[in-house]
Amino acid sequence: SPAKMVKICCIGAGYVGGPTMAVIALKCPSIEVAVVDISVSRITAWNSDQLPIYEPGLDDVVKSCRGKNLFFSTDVEKHVAEADIIFVSVNTPTKTRGLGAGKAADLTYWESAARMIADVSKSDKIVVEKSTVPVKTAEAIEKILTHNSKGINYQILSNPEFLAEGTAIDDLFAPDRVLIGGRETPEGQKAIQTLKNVYANWVPEERIICTNLWSAELSKLAANAFLAQRISSVNAMSALCEATGADVAEVSHAVGKDSRIGPKFLNASVGFGGSCFQKDILNLVYICECNGLPEVANYWKQVIKVNDYQKSRFVNRIVSSMFNTVSGKKIAILGFAFKKDTGDTRETPAIDVCKGLLGDNAHLRIYDPQVTEDQIQKDLSMNKFDWDHPVHLQPINPSSVNQVSVEADAYAAAKGAHGLCILTEWDEFKTLDYRKIYESMPKPAFVFDGRNVVKADELREIGFVVYSIGKPL
Ligand code: NAD
Ligand code: UGA
């Protein structure tokens, strides 16, 4: 019960910290929630009318609690010192250098948050891992906190987040489950109960799962690995469909009708993107290797290999269809975000596809309804894995910038283009006036649908040469 007034602080005002805390504030009016970040620009944006992330429904939730029981602040130390429960929701990117580079999770941001908590705390704290972290991180965090303590009692909980971008608010309002892991001691169980009481304000009790710390940490990596594996499975089938005349949509439908398999998450695509699937699987692979389990590591590695294969297969298909060269040709790119209903471009397959085409000297005209020009130019000039390390942003490479323009709508992007690639499944791409687009393009006019959003037959009727993923030509 929310009888005792608790104060919550969340370190990290990103895609997870912002929406999660806004929903806690909305559902628990008696709890004061402060979201803190070292990024001044992010906090300024959270306090403005233009929130730093685009997420359907988020504006309403923030507007109804901001300034009442929801606060965004850069005064990290003050809010941490005052809180009873501290969520840590900082970024946990893939390491770019040193031991485990390209695979292991970089816990620098986490460690500095933990050291700061140890420095400023004057009362007992429950510290909650909200970020996705390697199994056994709680042990390391515990060491940092307790070795610095001045008689203060810290309880570490693992409470991984399962929301997906684009549906974050719905996912938070009605989660499939909330997972809380803690120590099996009386103090650990008491901490679990305190956090459970927060969620019990709106989540039915049977959906709150309590486990030990390591199960909770590993379940998060496992869930993302299973989800990504489904996409790589259906994408692997899409290649076989193209080779045999089967239609991947029909295969997915037939397979998904088996109630043991289920129909969700079986859409073939140009590849999965997003900040987490690849990073979390690489992390899982690294943990398996460190624990002497190379066969298990190799099993999961294949999920990423198939995803890379799917992206390069798509680029090869474009180039080979357009008479083996795209040099000097204009190609319209519709959609840059890693999925619809988000402006997030982290690890979007569009980056790899665009870089592949730029490598062959194509000229790209890019349109996405939610991604800024600045973001697109940055993404196309950054090295792999640097994107989630905000401090060392790479300078823009001027040669590729000339080859890229960002357009205000799909029609402007398509005008004069030899080919059109759909890389994000935005709803608006389903209802474009493709006849008008066809007329504005040199012939033969190609469509490469990386998300299977267009009606290929209708477009062929107009005159387009259409390539869809996993479908007969
Ligand atoms: P993000 O990069 O959007 O946000 C992280 C924020 O933490 C940044 O604003 C950064 O400035 C801040 N930060 C870093 N170090 C700090 C410090 N020492 N003190 C204060 N602020 C600090 O990241 P995100 O997408 O919100 O992801 C956060 C974590 O949640 C990751 O571990 C990720 O794997 C996990 N996760 C993400 C999603 C998702 O959909 N994005 C879903 C589930 C889990
Ligand atoms: C994913 C998980 O779905 C969340 O449960 C998890 O919390 C989150 O990762 C995380 O840990 O960060 P997210 O990456 O936001 O969420 O979005 P998804 O809907 O999972 O899509 C990921 C990628 O897979 C997108 O590029 C999407 O287009 C692609 N996808 C998804 C497919 O290609 N086919 C599908 O059938 C489904």
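All of these numbers come straight from a predicted model, not from anything done at the bench. (Residues numbered from 1 in each chain as written. Chains lettered and ligands numbered in written order. Predicted model: local features only at pLDDT ≥ 70, side-chain atom pairs only at ≥ 80, totals over all residues.)

1. Some points on the overall build of the protein
- Scanning the protein from N- to C-terminus turns up 18 helices and 14 strands.
- Relative to a compact globule of 473 residues, whose C-alpha radius of gyration would be 23 Å, the protein shows 24 Å and is just as compact.
- Seen through its principal axes, the protein has C-alpha atoms that stretch 75 × 45 × 45 Å.
- Buried residues in the protein amount to 46% of all 473 residues. (Helix = DSSP H or I, 4+ residues; strand = E, 2+ residues; numbered from the N terminus. Rg over C-alpha atoms; globule rule 2.2 N^0.38 Å. Buried ≥ 20, exposed ≤ 12 C-beta atoms within 10 Å, placed from the backbone.)

2. Here we look at the site of ligand 1
- Residues in contact with ligand 1 amount to 26 residues; listed here are only the nearest, Gly12, Gly14, Tyr15, Ser131 and Thr132.
- With 3 residues, helix H5 (residues 108–120) is the single largest residue contributor to the shell around ligand 1.
- By residue class, the composition of the shell around ligand 1 is 11 nonpolar, 11 polar and 4 charged. (Near = placed C-beta within 6 Å. Nonpolar A, V, L, I, M, F, W, Y, C, P; charged D, E, K, R; others polar.)

3. Structural notes on the site of ligand 2
- The environment of ligand 2 is formed by 20 residues, the closest being Asn267, Ser269, Phe272, Gly274 and Cys276.
- By residue number, the principal contributor to the shell around ligand 2 is helix H9 (residues 213–244), which donates 3 residues.
- A breakdown of the residues in the shell around ligand 2 according to their chemical character gives 11 nonpolar, 6 polar and 3 charged.

4. Description of the nonpolar core
- By size, the foremost hydrophobic cluster in this structure holds 70 residues, and its most contacted members are Ile333, Leu334 and Cys421.
- Element by element, the count of residues in this core is highest for helix H11 (residues 277–290), at 7 residues.
- If we ignore the near neighbours within four places in the chain, the residues touching Leu334 are Tyr367, Ala410, Ala413, Leu420, Cys421, Ile422, Leu423 and Phe429.
- Judged by nonpolar contacts, the second largest core, of 63 residues, contains Ile24, Phe71, Ile85 and Leu172. (Core = buried A, V, L, I, M, F, W, Y, C linked by C-beta atoms within 7 Å. Contact = placed C-beta atoms within 7 Å.)

5. Digging into the domain arrangement of the protein
- In terms of domains, the protein is made up of domain 1 (7–203) and domain 2 (223–468).
- Measuring from the centre of the C-alpha atoms in domain 1 to the corresponding centre in domain 2 gives 32 Å.
- Of the residues belonging to the side of domain 1 that touches domain 2, the class tally is 10 nonpolar, 7 polar and 3 charged. (Domains from an automatic or database assignment.)

6. Concerning the packing of H9 against H11
- Closest axis-to-axis distance for the H9/H11 pair is 9 Å, and the angle between their directions is 115°. Considering the relative orientation of H9 and H11, their crossing is left-handed. From H9, Leu221, Asn224, Ala225 and Ala228 reach across to H11, where they touch Phe277, Asp280, Ile281, Asn283 and Leu284. (Axes fitted to C-alpha atoms, helices over the stretch in contact; angles between N-to-C directions. Left-handed = near helix turned anticlockwise from the far one by under 90°.)

7. Some details on helix H6 (residues 137–147)
- Every buried residue of H6 is accounted for by Thr137, Ala138, Ile141 and Leu145. Down the axis, H6 shows its buried residues gathered within 90° of arc, on one side only. Turned more than 90 degrees from where H6 packs its buried face, Glu139, Lys143 and His147 sit exposed.
- Where H6 is buried, its residues touch H5, strand E5 (125–129), strand E6 (154–158) and H9. (Arc of directions from axis to C-beta.)

8. Quick notes on the confidence of the model for the protein
- When pLDDT is averaged along the protein, the result is 94, and 95% of the positions lie at 70 or above.
- Here residues 391–396 is modelled with pLDDT under 50, and outside its nearest four sequence neighbours on either side it reaches 9 contacts, counting other chains as well.
- Scored as a whole, the predicted complex attains pTM 0.94, and scored at its interfaces, ipTM 0.98. (pLDDT = per-residue confidence, 0-100.)

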